[in-house]
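Geometric and topological summary
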Amino acid sequence: MPPIVIRDMLPHEADRVGQLHNQIHALHVNGRPDWFAPNYDHSADMMRWFAEQPNSRVLVAVRDDTILGYAVMDYLIREASPYSLPRRSVHVQEICVDEAAKRCGAGRALMEYIYEDARQRSYPRVELDVWAFNEDAYQFYHAIGMQDFRHYLEYRVFPHRFTRLGMEHADAATTLYNSLKDLPGCTWDEGYPNREIVKSDIQNGCLYGAIDNGELIAVGAALPDDELTHLNCWQIPAQKPCVFSRIGVALNHHGQGLAGQMVRYMEEEMRLSGYDAVRMLVSPGNEKALHVYHSCGYQECGSTRMYEEDWLCMEKKLG
């Protein structure tokens, strides 16, 4: 069998290497859906970008003109600081072997090439990181002589993740809203909120949500205050207020504190965007919503009648 050759990726090979990257990206999405975007489609462009960087290389493992795997590596030089010495290292960002060619020796050949390259350049260390869920990779790295020298730990405050929603979430958000329309105190009806409103919120970058294992479990809109600013009830002086609206939690997640989490996430997003106060209209009959907003620090500052409904006006200062 012909030997495996390790060399730098050629420009026309970026598409093939990008296809291999999609395999490892799918593994990462499956292992950490809270971290990695499921629909990433710029892998080839990313590989071209890596190859163009002055201190990076994209290596390929080739046999019979077939690319079996690849690795992305960086040459890192860290200057001395008051608490650490200067150091140089080779960092392996990614390494992947085609799923159809596992155990062909391409992974080992790539790493042995990187080890030798580091020796030739007098870089004393080759380092990489591996996700805790990727046990196969962890065992492989130990089998080729790597040792643990640092551990990254995390505490998952929530099992779900918060995010600004995209158009791929429009159907799920509409379905979630529709599931809540018959609840006590809810003023939503068949025509509101509808899919067109959801799409408009998404297009304007105003719709946020919580996602758990691919399921949209909470949703809410945070918009510039274009509709409520004329009311004379507001007591907090604000230069750039926003409005929270259409906040809802999936029925199977009620009673878990998710509504309050959603509100606080949206507050932080808006604060970071320069908004200094939140305003909202809440139905006097929606006791659960009122409880959530009071627990989050919102104050009632008056009442009004809009959209053929009576409302309590609530506000909170950001910052």
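Everything here concerns the structure above.
The structure presented is a predicted model; accordingly, all values stated were derived computationally and were not measured. (Residues numbered from 1 in each chain as written. Predicted model: local features only at pLDDT ≥ 70, side-chain atom pairs only at ≥ 80, totals over all residues. Heavy atoms only, no water.)

We now examine the layout of surface pockets. In this structure, the largest pocket spans a volume of roughly 1,400 Å³. What lines the largest pocket is a set of 45 residues, and nearest its centre among them are W188, R246, I247, N286 and Y293. Sorting the residues of the lining of the largest pocket by element identifies β8 (215-224), β9 (241-249), α7 (258-272), β10 (277-282), α8 (287-295) and β12 (309-317) as the ones contributing at least two each. When grouped by side-chain class, the residues that make up the lining of the largest pocket number 23 nonpolar, 14 polar and eight charged. (1 Å grid on protein atoms, 1.4 Å probe; cavity = no way out; pocket = protein on both sides within 12 Å on 5 of 7 lines; lining within 4 Å. Points joined across faces, edges and corners; volume = space filled by probe spheres on them. Helix = DSSP H or I, 4+ residues; strand = E, 2+ residues; numbered from the N terminus. Nonpolar A, V, L, I, M, F, W, Y, C, P; charged D, E, K, R; others polar.)

Time to look at helix α2 (residues 43-52). For α2, every residue scored as buried is listed here: S43, A44, M47 and F50. End-on, the buried residues of α2 take up no more than an arc of 120°, which puts them together on one face. Residues of α2 that are buried make contact with α1 (14-31), β2 (56-63), β3 (66-78) and β4 (87-97). (Buried < 20%, exposed > 50% of the residue type's maximum accessible area, 1.4 Å probe, protein only. Arc of directions from axis to C-beta. Contact = heavy atoms within 4.5 Å.)

A separate point is the sheet that holds β3. Spatially, the five strands line up as an open sheet ordered β1-β2-β3-β4-β5, and their pairing is mixed. Of all strands in the sheet, those bounded by a partner on one side alone are β1 (5-8) and β5 (126-128). Each adjacent strand pair in this sheet contributes to an overall mean axis angle of 30°, direction not counted. Bridging between β2 and β3 involves eight bridges; their strand directions are antiparallel. Counterpart to R57 in the pairing with β3 is M73. Across the sheet, α2 is in contact with β2, β3 and β4; its angle to β2 comes to roughly 115°. (Pairing = 2+ DSSP bridges. Axes fitted to C-alpha atoms, helices over the stretch in contact; angles between N-to-C directions.)

With respect to the helices, strands and loops of the structure, R246 is situated in strand β9. The class for R246 is buried, based on a relative accessible area of 12%. Of note is the side chain of R246, whose polar atom sits 2.9 Å from the side chain of Y192. Those residues in contact with R246 that lie beyond four places of it in its chain are Y177, W188, Y192, P193, I197, D201, V219, G220, A221 and L223. (Polar contact = N/O pair within 3.5 Å; in protein donor to acceptor, adjacent residues only side chain to side chain.)

In this section: the environment of D15. Following the sequence through the fold, D15 ends up in helix α1. Assessed through its relative accessible area of 45%, D15 is described here as partly exposed. Sequence-distant contacts of D15, defined by excluding residues within four places in its chain, comprise A44 and R48.

With that settled, the discussion passes to a negative patch on the surface. A cluster of acidic residues, D189, E190, E308 and E309, forms a negative patch on the protein surface. You can call E190 exposed: its relative accessible area is 79%. (Patch = residues over 30% accessible without salt bridge, like charges linked within 9 Å, V, L, I, M, F, W, Y side chains within 5 Å. Areas by Shrake-Rupley, 256 points an atom, 1.4 Å probe, with all protein chains shown as cover. Salt bridge = Lys/Arg side-chain N within 4 Å of Asp/Glu carboxyl O. Lys, Arg positive; Asp, Glu negative; His and termini not counted. Charge placed at Lys NZ, Arg CZ, Asp CG, Glu CD.)

With that settled, the discussion passes to the packing of helix α5 (residues 170-179) against helix α6 (residues 195-203). A pair of packed helices is captured by two measures, namely the crossing angle of their axes and the spacing between those axes. Remark: α5 packs on α6, axes separated minimally by 9 Å, with the N-to-C direction vectors making an angle of 130°. Relative to α6, the element α5 is oriented oblique. Here the hand of the crossing between α5 and α6 comes out right-handed. Residues A170, D171, A173, T174 and Y177 of α5 touch α6, and the partners they reach there are R195, V198, K199 and I202. Tallied by class, residues from the contact of α5 with α6 come to five nonpolar, one polar and three charged. (Parallel < 35°, antiparallel > 145°, perpendicular 65-115°, else oblique. Left-handed = near helix turned anticlockwise from the far one by under 90°.)

What follows deals with the environment of K199. As for its placement among the helices and strands, K199 is situated in helix α6. The class of K199 is partly exposed, set by a relative accessible area of 24%. Sequence-distant contacts of K199, defined by excluding residues within four places in its chain, comprise M167 and A170.

Here we come to the packing of aromatic side chains. Enumeration over the complete set of coordinates arrives at 11 aromatic pairs. Between W131 and F133, the aromatic rings sit 6.1 Å apart at their centres with planes inclined by 20°, giving stacked as the arrangement. We classify F133 as partly exposed; its relative accessible area is 29%. Centroid distance F140 to Y141: 5.5 Å. Interplanar angle 55°. Geometry classified as tilted. Among the residues examined, F140 registers a relative accessible area of 26% and is labelled partly exposed. In textbook terms, an aromatic cluster arises when at least three aromatic residues are bridged by ring pairs, as seen for W35, F36, W131 and F133. Seen from the ring of Y123, R88 lies directly overhead, with NZ or CZ sitting 4.4 Å from the centre. Above the face of the Y275 ring, K240 is positioned so that its terminal group lies 4.5 Å from the ring centre. (Phe/Tyr/Trp six-rings, centres within 6.5 Å; stacked < 30°, edge-to-face > 60°. Lys NZ or Arg CZ within 6 Å of the ring centre and 35° of its normal.)

Let's shift gears to the pattern of salt bridges. Taken as a whole, this structure holds 20 salt bridges when the rule is applied. One salt bridge in this structure joins R48 and D15, with 3.1 Å as the shortest N-O distance. Of this pair, R48 sits in helix α2 while D15 is found in helix α1, placing the two residues 33 residues apart along the sequence. Overlapping salt bridges bring together D8, R57, D117 and R121 as one network.

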